[in-house]
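# Topology and contacts: notes
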Amino acid sequence: MARLTRVQQQARTRASVLVAAREEFVAHGYAAAKVDRIAERAELTRGAVYSNFPGKRALYLAVLVDLVDGAAPSAAPATVVLPPASLADALGAFARTWLERLPLVDDTAAGGRLQLRSLVGVVDDEQGRAALAQLAALEALLLGFALESYGPEAVPGDAPVRQVRLAELVLTLLGGAGFLAEQAPGFGDPFDRARACEHLAGLDLADRWTPSYLPYVGPAEACREPWSPPAGLVDLLSDEPVALDADGLVAVVGAGRIGAAEEAVRSARPGDRVTVVVTTADPAETGSLVRLKVRDLAAGLRAVFPAESWQRLQLVVDGEGGVASAAGLTDSDAETEGAVRVHGGAIVARAHGRGAAHAVSVAPTTSAAPTASVAPTASAVDSSVSSPLRRDEA
């Protein structure tokens, strides 16, 4: 038998730890689980466990990511997903897909929490809760993009119509169902909840994309610099390699500014590829948390909606800081927000701070200096903002 390489041995050890950790969390739950017992289950030393995962929370999040990845359908299914016929049908189909995670009455409490991807008592520090709030906004944004292909057309001259607030309501209802399933197993009828989500389609929330700060965003820096992003990153939405060298907009955000993804997509020019990169110095915990929430939601979206619903957007985690460095961002942290426009293999515009994605979207694609150093006018903002692709435009 051929001897395993160091990389292969590390992968085998990590896989053994994950299997043992899942058994431990199912048996005892997160709070009562012990790293020593996980090491015993995996027939490894405690040090071998810690050489792969910095702590119990990182282990738990890795188990949840592995669970989601194992349950997710293929990014390229053998059959084409037929889009729902109406907004109500789309809401019902998504709700039924989401509710499949609810544990059965005879499941153990700890096993049921794992099945629900429960983070109760796991992410309880201020930084983690702030990241979860940003990720909840991102989940609503992604679902909202998918739902917008069924919403009303915007009246010419009006702000784009959103379905993000509707998505927030749907996810709130489903999240409440998950919390009740954890606290009171068997309570309520999942089919009633799915029908309730369908009825939310009749709400008129007057949801429009009109950020008050965009007219005051300063101009991007015009430049002409080499663009050398790292290779090997994977899009969390499609599970496919990311084309960072393609023309378009790359927004780099910290865990506390993930909500800026909406600005990046809506401000982008028609046809632009938008890549949102979440940069973090804590890939084992913050990075895993981002992967967990995005991949979990993406699996539900792929089961219901065609890929065109979010094909303009790529979303990746940069745990090594390579993309941030390539974009000229140094000392990045949770509040980092920056963006670059890539054209012809070079960075042609760069901006830092709030509104960075909008600034590079309205910047010229040449290296010529801007004609004026003033903020874009309101009319420029209106003309630059676009909506995700509708089904009839794909």
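Residues numbered from 1 in each chain as written. Predicted model: local features only at pLDDT ≥ 70, side-chain atom pairs only at ≥ 80, totals over all residues. Heavy atoms only, no water.

This part takes up helix α8 (residues 164-183). An ideal rise of 1.5 Å per residue puts 28 Å on 20 residues; α8 measures up with 28 Å between its terminal C-alpha atoms. All of the buried residues along α8 are Val-164, Leu-166, Ala-167, Val-170, Leu-171, Leu-174, Ala-177, Gly-178, Ala-181 and Glu-182. Mapping the buried residues of α8 onto a view down its axis gives an arc of 150°, with all of them on the same face. Residues of α8 that are buried in the fold lie against α5 (87-99), α6 (109-115), α7 (126-147), α9 (190-199), α10 (261-267) and α11 (283-304). (Helix = DSSP H or I, 4+ residues; strand = E, 2+ residues; numbered from the N terminus. Expected span 1.5 Å × (residues − 1). Buried < 20%, exposed > 50% of the residue type's maximum accessible area, 1.4 Å probe, protein only. Arc of directions from axis to C-beta. Contact = heavy atoms within 4.5 Å.)

Once that is clear, we can look at the layout of surface pockets. Considering only enclosed or pocket space, the largest pocket measures out at about 1,000 Å³ in volume. If you trace the largest pocket, you find 35 residues lining it, with Trp-98, Arg-101, Leu-116, Lys-293 and Asp-296 closest to the centre. Listing elements by their share of the lining of the largest pocket, those giving two or more residues are α4 (56-71), α5, α7, α8 and α11. The residue makeup of the lining of the largest pocket, split by class, is 20 nonpolar, seven polar and eight charged. (1 Å grid on protein atoms, 1.4 Å probe; cavity = no way out; pocket = protein on both sides within 12 Å on 5 of 7 lines; lining within 4 Å. Points joined across faces, edges and corners; volume = space filled by probe spheres on them. Nonpolar A, V, L, I, M, F, W, Y, C, P; charged D, E, K, R; others polar.)

Moving on, we come to the packing of α5 against α9. Where α5 meets α9, the closest approach of the two axes is 7 Å, and the angle between their N-to-C directions is 150°. Taken together, the axis directions place α5 and α9 in an arrangement best described as roughly antiparallel. Crossing handedness for the pair α5 and α9: right-handed. Side by side, α5 and α9 meet where Ala-88, Leu-91, Gly-92, Ala-95, Arg-96 and Leu-99 of the first sit next to Pro-190, Arg-193, Ala-194, Cys-197 and Glu-198 of the second. (Axes fitted to C-alpha atoms, helices over the stretch in contact; angles between N-to-C directions. Parallel < 35°, antiparallel > 145°, perpendicular 65-115°, else oblique. Left-handed = near helix turned anticlockwise from the far one by under 90°.)

Attention now moves to the side chain of Arg-302. Inspection of the secondary structure assignment puts Arg-302 in helix α11. Although Arg-302 is buried, it makes no salt bridge; Asp-239 carries the closest opposite charge, 5.7 Å away. Among the polar contacts made by the side chain of Arg-302, one reaches the main-chain carbonyl oxygen of Leu-237 at a distance of 2.6 Å. (Lys, Arg positive; Asp, Glu negative; His and termini not counted. Salt bridge = Lys/Arg side-chain N within 4 Å of Asp/Glu carboxyl O. Polar contact = N/O pair within 3.5 Å; in protein donor to acceptor, adjacent residues only side chain to side chain.)

What follows is about the sheet that holds strand β4 (residues 313-318). Read from one edge of the open sheet, six strands run β1-β6-β5-β2-β3-β4, paired in mixed fashion. With one partner strand each, in any of the chains shown, β1 (221-226) and β4 form the two edges of the open sheet. Strand-to-strand twist of the sheet, defined as the mean angle between neighbouring strand axes without regard to direction, takes the value 25°. As defined by bridge partners, β1 adjoins strand β6 (residues 346-352) across four bridges and the pair is classed as antiparallel. Along β6, the bridge assignment pairs Glu-225 with Ile-347. (Pairing = 2+ DSSP bridges.)

Here we come to the pattern of salt bridges. What the rule picks out here adds up to 21 salt bridges. Among the salt bridges present, the one from Glu-24 reaches Arg-37, with a minimum N-O distance of 2.7 Å. Of this pair, Glu-24 sits in helix α1 (residues 6-32) while Arg-37 is found in helix α2 (residues 35-42), placing the two residues 13 residues apart along the sequence. We note a salt bridge from Arg-46 to Asp-36, for which the minimum N-O separation is 2.5 Å.

In the structure shown here, the tally under the stated rule is three aromatic pairs. Look at Phe-25 and Tyr-60: their rings are 5.0 Å apart centre to centre, the planes differ by 90°, and that puts the pair in the edge-to-face class. Of this pair, Phe-25 sits in helix α1 while Tyr-60 sits in helix α4, and the two are 35 residues apart along the sequence. Tyr-60 matches Phe-25 in its accessibility class, with the two residues each being buried. For the pair Tyr-30 and Tyr-60, a centre-to-centre distance of 5.1 Å together with 65° between the ring planes defines the contact as edge-to-face. In this pair, Tyr-30 sits in helix α1 while Tyr-60 sits in helix α4, placing the two residues 30 residues apart along the sequence. Among the residues examined, Tyr-30 registers a relative accessible area of 18% and is labelled buried. Among the aromatic residues, ring-to-ring pairing joins Phe-25, Tyr-30 and Tyr-60 into one connected group. (Phe/Tyr/Trp six-rings, centres within 6.5 Å; stacked < 30°, edge-to-face > 60°.)

A few words on the environment of Pro-83. Following the sequence through the fold, Pro-83 ends up in the loop between α4 and α5. Given the relative accessible area of 34%, Pro-83 is considered partly exposed. Linking Pro-83 and Ala-93, residues 10 residues apart in sequence, is a C-alpha distance of 9.9 Å.

Everything listed here is a matter of coordinates, which is why it stays silent on function.
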